[in-house]
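Per-entry structural report
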Amino acid sequence: MLKNNDPISPPPHNPASSSKKFTLLRIGDLLEKVPMCRSWIYDQVGKRLFPPPVGIGARAVAWVEAEVDQVVEAKVAGKTEAEIQELVGELVAARATSGGAQ
């Protein structure tokens, strides 16, 4: 029987359980989180000042919530447009290397 101060071994590594989980926001959810209009969102995406959506179906897209949060935090922190564009580029590039949402 284990005593309270005995260390417990971590469970063996299971690659299937270590896959990243993404919270995706459809446009309605995104507009609640970032209270701007739809055209502003797409304008910012076009200027690389906001992460682009990912395709989730034949005619459906969504935004990765963690990416949106990082860009909003950068804007609140007063980052320049160039810094935000760099951040968005890094976030998009990370999608390909993480095997995550695309």
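Here the structure is a predicted model, which is why all the values come from computation and not from measurement.

About the criteria used
- Think of each chain on its own: its residues are numbered from 1, step by step along the sequence as written.
- Note on the predicted model: pLDDT of at least 70 is required for a residue's local features to be given, and 80 or more for side-chain atom pairs to be given and counted; whole-chain, interface and lining totals, by contrast, use all residues.
- Side-chain measures were taken over the full set of non-hydrogen atoms in the model, leaving aside hydrogen atoms and water.
- Remark: nonpolar core denotes a set of buried residues (Ala, Val, Leu, Ile, Met, Phe, Trp, Tyr, Cys) joined through side-chain atoms within 4.5 Å.
- The cut-offs for exposure are 20% and 50% of the maximum accessible area for each residue type, with area from a 1.4 Å probe on protein chains only; residues under the lower value are buried, those over the upper are exposed, and the others partly exposed.
- A run of DSSP states H or I qualifies as a helix once it reaches four residues; a run of E qualifies as a strand once it reaches two. Both are numbered from the N-terminal end.
- Whether two residues touch is decided by their heavy atoms; if any such pair falls within 4.5 Å, the residues are in contact.
- Only strands that DSSP links by at least two bridges are regarded as paired with each other.
- Angular values range over 0 to 180 degrees, each being the angle between N-to-C directions of two axes fitted as lines to C-alpha atoms, with helices fitted over their stretch in contact.

Focus: the nonpolar core
Judged by nonpolar contacts, the single largest core of 16 residues is most densely connected at Leu30, Ile41, Phe50, Trp63 and Val71. Of all the secondary-structure elements, those providing two or more residues to this core are α1 (27-33), α2 (38-46), α3 (65-76) and α4 (81-98). No other element matches α4, which puts four residues into this core. Excluding anything up to four places from it in sequence, Leu30 contacts Leu25, Ile41, Phe50, Trp63 and Val68.

A look at the environment of Ile41
Structurally, the position occupied by Ile41 is in helix α2. C-alpha separation for the pair Ile41 and Ile27, spaced 14 residues apart in sequence, amounts to 9.4 Å. Setting aside chain neighbours within four positions, we find Ile41 in contact with Leu30, Leu31, Val34, Phe50 and Trp63.

A few points about the sheet that holds strand β3 (residues 60-64)
Reading across from one edge, β1-β3-β2 is the order of the three strands in this open sheet, with antiparallel pairing throughout. The sheet terminates laterally at β1 (24-25) and β2 (54-57), the two strands that pair on one side only. Where β1 lies against β3, two bridges are found, and the strand directions are antiparallel. Its bridge partner being in β3, Leu24 is matched across the sheet by Val64. Seen against the sheet, α3 touches β1 and β3 and runs at an angle of roughly 50 degrees to β3.

Structural notes on the pairing of β3
The buried fraction of β3 is high, at four of five residues. Of the pairings in the sheet, the one linking β2 to β3 comprises three bridges and is antiparallel in character. Bridged to Val54 within β3 is Ala62. In textbook terms, the turn of a hairpin is the stretch between consecutive antiparallel strands, and for β2 and β3 this stretch comprises two residues.

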